[in-house]
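Working through the structure, step by step
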Amino acid sequence: MKYRNIFWKLLIWKIILTSSTLWGQTNEFRFRNEVYVNYIKSVKFHLDGLFLTQPIIDLGSNAQLMLSFDDLSGDNKNFTYRIIHCNRNWEPSEISEMEYLDGFSEERITDYNFSYKTLTNYVHYEVLLPHPTFSWTKSGNYLLVVYEDEYEKIPVLTRRFMVVEPRAKIFPQITRPAQASRTRTHQEIDFEVLVEGLNLRIPRQEVTATIVQNGKWDQSINDIPPLFDRQNRLIFDYQNQITFPAGKEFRPLDIRSVRFRSNRIERIDEFIDRYEVIMIPESERTDQVAFNYKDLNGNFIIENADRGDHDLSGNYLDVFLALQTGNPIPNQSVCLVGGFSDWLCYEENIMEYNDNFRGYIGRMYLKQGYYDYAFGVIENPNKIDVYPDLSTLEGDWYETNNEYSIFIYYRPFGARYDRLIGAVTFSSSFP
């Protein structure tokens, strides 16, 4: 009962806080994956039909990218979007829209439907890119900006995506770092690149690589030149430089059904206007021996096991979680993060320390589905919209299975933008 009362007090406090807080409401946006208002939820961006893929698409292919999201304000709005070409460091490139787009530069999102038979009303939006009214003509990094009100242009979300002209074949390899302090906690990436059909004069100045782990761009390693070049083969074999904290397998959350409890759920309570999911308390994993199991590498899937329509009949649930730490972590805040939060520590996902429980208690407001999440910490408790550290509470184990993406950029002398000539996504694995 004490555990239940603590959660109820937190619920009231969180509802008051988040209902009075809007993250954006300005015309400013950042060149990263982010949501700027608190009524936009469940943002997914992937290859159409492949829900767990990164938004990477070949130039000139027939494939499309699918963007979907829910508006929990309950009314349909005039959402428009714009596409911005970026350089390899995610800054606006030097070329104009007329040079990288064939067609209209801005479009309205006209595909939307209202939820039905749900306790929370929302409007579900979808858009396929490229749209019949335009196509991109250049490879490289792109930023998708979605605005509310085409005149006021209030940004509600931004999403990165990559357009590839396949001129390079990438052959990656996962190894243990040679550095003794990292051999059990980090993973090193070595790779070779076979370049075809390009006249490379000085590869170390014209070609760079970027590597991303689990879609977490905040920890990407950028601007890596080839160490050696042998004719048309580029070697990226640096010792102890291209390394990532391995982390541990993500904690799973299965809320596809409100009728049946999945593993690690203590109970599900139904009220007139909401569902509450109470999770079994968890503990830190820093000193725990890791073991491998299949996860989504921090991603999530929207799915409803109670009804047929995942997008329109899925309920939003108040999910309460608890982390036993004994004592509070000095000068740091604990938050719940994953792909569902764009790996950012938003204010609504910050957990509160409770003296009676001797640990942290938090809340996530999620649509029915299957989620990966982790407990992260931020050093500045007064700063929101920041990327947390996951190693402090979760730990690192070199055998963890992670997903890596390698991007190869080419900018010949005199060029005004970075071409993306190769990309590959692969999973790490150890015997």
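Let us look at the structure shown here. (Residues numbered from 1 in each chain as written. Predicted model: local features only at pLDDT ≥ 70, side-chain atom pairs only at ≥ 80, totals over all residues. Heavy atoms only, no water.)

What follows is about the nonpolar core. For soluble globular proteins, the rule of thumb is that nonpolar side chains tend to be buried together. In terms of nonpolar packing, the biggest core is built from 34 residues, with Ile 40, Phe 69, Trp 136 and Val 146 touching the most fellow members. Looking at this core, the elements that each hand over two or more residues are β2 (40-47), β4 (65-71), β5 (79-86), β9 (123-129), β10 (134-136), β11 (140-148) and β12 (154-164). Setting aside anything within four residues of it in sequence, one finds Trp 136 in contact with Ile 57, Leu 59, Leu 65, Ile 83, Tyr 100, Leu 101, Leu 129, Pro 130, Tyr 142, Phe 161 and Val 163. Among the nonpolar cores identified, the runner-up in size contains 26 residues, and Leu 321, Tyr 371, Phe 375 and Leu 393 belong to it. (Core = buried A, V, L, I, M, F, W, Y, C linked by side-chain atoms within 4.5 Å. Buried < 20%, exposed > 50% of the residue type's maximum accessible area, 1.4 Å probe, protein only. Helix = DSSP H or I, 4+ residues; strand = E, 2+ residues; numbered from the N terminus. Contact = heavy atoms within 4.5 Å.)

This paragraph deals with the state of the cysteines. Counted according to the given criterion, the structure contains one disulfide. Disulfide pairing places Cys 335 opposite Cys 345 at an S-S distance of 2.4 Å. Here Cys 335 is found in strand β26 (residues 333-337), whereas its partner Cys 345 is found in the loop between β26 and β27 (352-354), with ten residues between them in sequence. A single burial state applies to Cys 335 and to Cys 345, both of which are buried. (Disulfide = S-S within 2.5 Å.)

Tallying each qualifying case throughout the model produces 26 aromatic pairs. Summarising the aromatic geometry, the rings of Tyr 122 and Tyr 316 are spaced 5.4 Å apart at their centres and angled 80° between planes, so their arrangement reads as edge-to-face. With Tyr 122 in the loop between β8 (111-114) and β9 and Tyr 316 in strand β25 (residues 316-324), this pair connects stretches of sequence that are 194 residues apart. With respect to burial, Tyr 122 and Tyr 316 carry one shared label: buried. Aromatic side chains Trp 136 and Tyr 142 sit 6.0 Å apart centroid to centroid with 40° between the ring planes, which places their arrangement in the tilted category. Relative accessible area serves as the criterion here: at 0%, Tyr 142 is assigned to the buried category. Grouped by ring-pair contacts, the aromatic residues Phe 45, Tyr 81, Tyr 100, Phe 134, Trp 136, Tyr 142 and Phe 161 constitute a single cluster. Positioned over the ring face of Tyr 39 is Lys 77, at 4.9 Å from the centre of the ring. (Phe/Tyr/Trp six-rings, centres within 6.5 Å; stacked < 30°, edge-to-face > 60°. Lys NZ or Arg CZ within 6 Å of the ring centre and 35° of its normal.)

Purely geometric stuff here, so don't read any function into it on its own.
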